[in-house]
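Report on the structure
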Amino acid sequence: MKIFSAMYDKTMIWSKHRYATFFLSFTSFIEAIFFPIPPDVMLIPMSMSKPQSAFRFALYTAVASVLGGAVGYGLGYYALDFVQHYIQQFGYQQHWDTAISWFEQWGILVVFVAGFSPIPYKVFTICAGVMQMAFLPFLLTAFISRAARFLLVAKLAAWGGEKFADKLRRSIELIGWSVVALAVLAYFILR
């Protein structure tokens, strides 16, 4: 079954679409609020196919992510009841409890770490609002960490370019099925 190759090919086609930058920005915006798929899924192929625009793509992604983070912050600040329902409905309770304890221990440093890492960023943007973190330091920290992350991802993808895209295409089935196997294994181990 070659499902990962088909998904990879479709993603590469989308990355060259004339509205790809809009889709990238939109995905980045909603990922910071509720969407489960990170914008890297679009940023990487776009940066590989147009290496000269990687910096611009990373900047759009970072700005959209911070704007989405501001909306997530507002949800946490003004709509705690909705947020609690949302967290339970989408299965983020464990991430939520962890985020609350981290905010209590480390404050704004948590926003920086969450913005740079693959941890679900949306949990931390909403949590920052619930914890009533100062808004301007939140925005500044979120921008620095998100910009650093997306610049790193975009520049690495651009550095690899089309040659890397071809190598990745040849190995995508092995990579995809390995990730699925690791996810299933992790599920049974961490249960």
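Residues numbered from 1 in each chain as written. Predicted model: local features only at pLDDT ≥ 70, side-chain atom pairs only at ≥ 80, totals over all residues. Heavy atoms only, no water.

Where an unreviewed UniProt entry is consulted, the protein appears under the name LppB, with the organism given as Pasteurella canis.

Our focus in this paragraph is the UniProt feature "domain: VTT" (unreviewed entry) in the protein. UniProt's entry tags residues 38-154 with the feature "domain: VTT" (unreviewed entry), counted in the numbering of this structure. Taken end to end, residues 38-154 comprises 83% helix and 0% strand; its first and last C-alpha atoms sit 13 Å apart. (UniProt positions renumbered as here; feature names shortened; annotations may be inferred. Helix = DSSP H or I, 4+ residues; strand = E, 2+ residues; numbered from the N terminus.)

Looking now at the environment of Ser117. Within the secondary structure, Ser117 is located in the loop between α7 (109-116) and α8 (121-130). Note: C-alpha distance between Ser117 and Phe29 (88 residues apart in sequence) is 17 Å. Every residue in contact with Ser117, bar those within four places of it in the chain, is listed here: Arg146 and Arg149. (Contact = heavy atoms within 4.5 Å.)

On the surface, a nonpolar cluster with roughly 1000 Å² of combined accessible area is contributed by Phe55, Leu59, Val63, Leu67, Trp106, Leu109, Phe112, Val113, Leu140, Phe143 and Ile144. If you list the elements that add at least two residues to the nonpolar patch, you get α4 (54-78), α7 and α9 (135-190). Counting residues per element, the nonpolar patch draws most heavily on α4, at four residues. With respect to the element layout, Ile144 can be found in helix α9. Of the residues examined, Ile144 reaches a relative accessible area of 45% and is grouped as partly exposed. (Patch = residues over 30% accessible without salt bridge, like charges linked within 9 Å, V, L, I, M, F, W, Y side chains within 5 Å. Areas by Shrake-Rupley, 256 points an atom, 1.4 Å probe, with all protein chains shown as cover. Salt bridge = Lys/Arg side-chain N within 4 Å of Asp/Glu carboxyl O. Buried < 20%, exposed > 50% of the residue type's maximum accessible area, 1.4 Å probe, protein only.)

With that settled, the discussion passes to the environment of Gln93. Note that Gln93 resides in helix α6 (residues 93-106). For the pair Gln93 and Val123, spaced 30 residues apart in the sequence, the C-alpha separation amounts to 9.4 Å. In this structure Gln93 touches Ile87 and Gln88, once residues within four positions along its chain are discounted.

A few words now on the packing of aromatic side chains. On inspection of all chains with the given rule, the structure shows 10 aromatic pairs. Geometrically, the ring pair formed by Phe22 and Phe26 is stacked, given 6.0 Å between the ring centres and 15 degrees between the ring planes. Residue Phe22 and its partner Phe26 are located together in helix α2 (residues 20-31), separated by four residues, close to a single helical turn. Site record: aromatic cluster; members linked through ring pairs are Tyr73, Tyr77, Tyr78, Phe135 and Phe138. (Phe/Tyr/Trp six-rings, centres within 6.5 Å; stacked < 30°, edge-to-face > 60°.)

Moving on: the nonpolar core. In a soluble, globular protein the nonpolar side chains are often hidden away together inside. Core analysis: the biggest nonpolar cluster contains 23 residues, and Trp96, Phe103, Phe124 and Met133 have the highest contact counts within it. At six residues, the largest contribution of residues to this core is made by α8. Not counting residues up to four positions away in its chain, the partners in contact with Phe103 are Val110, Val111, Phe124, Cys127, Ala128, Met131 and Met133. With 14 residues, the next largest nonpolar core counts Leu43, Ala58, Phe150 and Ala154 among its residues. (Core = buried A, V, L, I, M, F, W, Y, C linked by side-chain atoms within 4.5 Å.)

We now examine the packing of α6 against α8. Between α6 and α8, the shortest axis-to-axis distance is 10 Å and the interhelical angle comes to 55 degrees. Taken together, the axes of α6 and α8 are oblique relative to one another. The chirality of how α6 crosses α8 is right-handed. Residues His95, Trp96, Ala99, Ile100, Trp102 and Phe103 of α6 pack against Val123, Phe124, Ile126, Cys127, Ala128 and Val130 of α8. Of the residues contributing to the contact of α6 with α8, the split by class is 11 nonpolar, one polar and no charged. (Axes fitted to C-alpha atoms, helices over the stretch in contact; angles between N-to-C directions. Parallel < 35°, antiparallel > 145°, perpendicular 65-115°, else oblique. Left-handed = near helix turned anticlockwise from the far one by under 90°. Nonpolar A, V, L, I, M, F, W, Y, C, P; charged D, E, K, R; others polar.)

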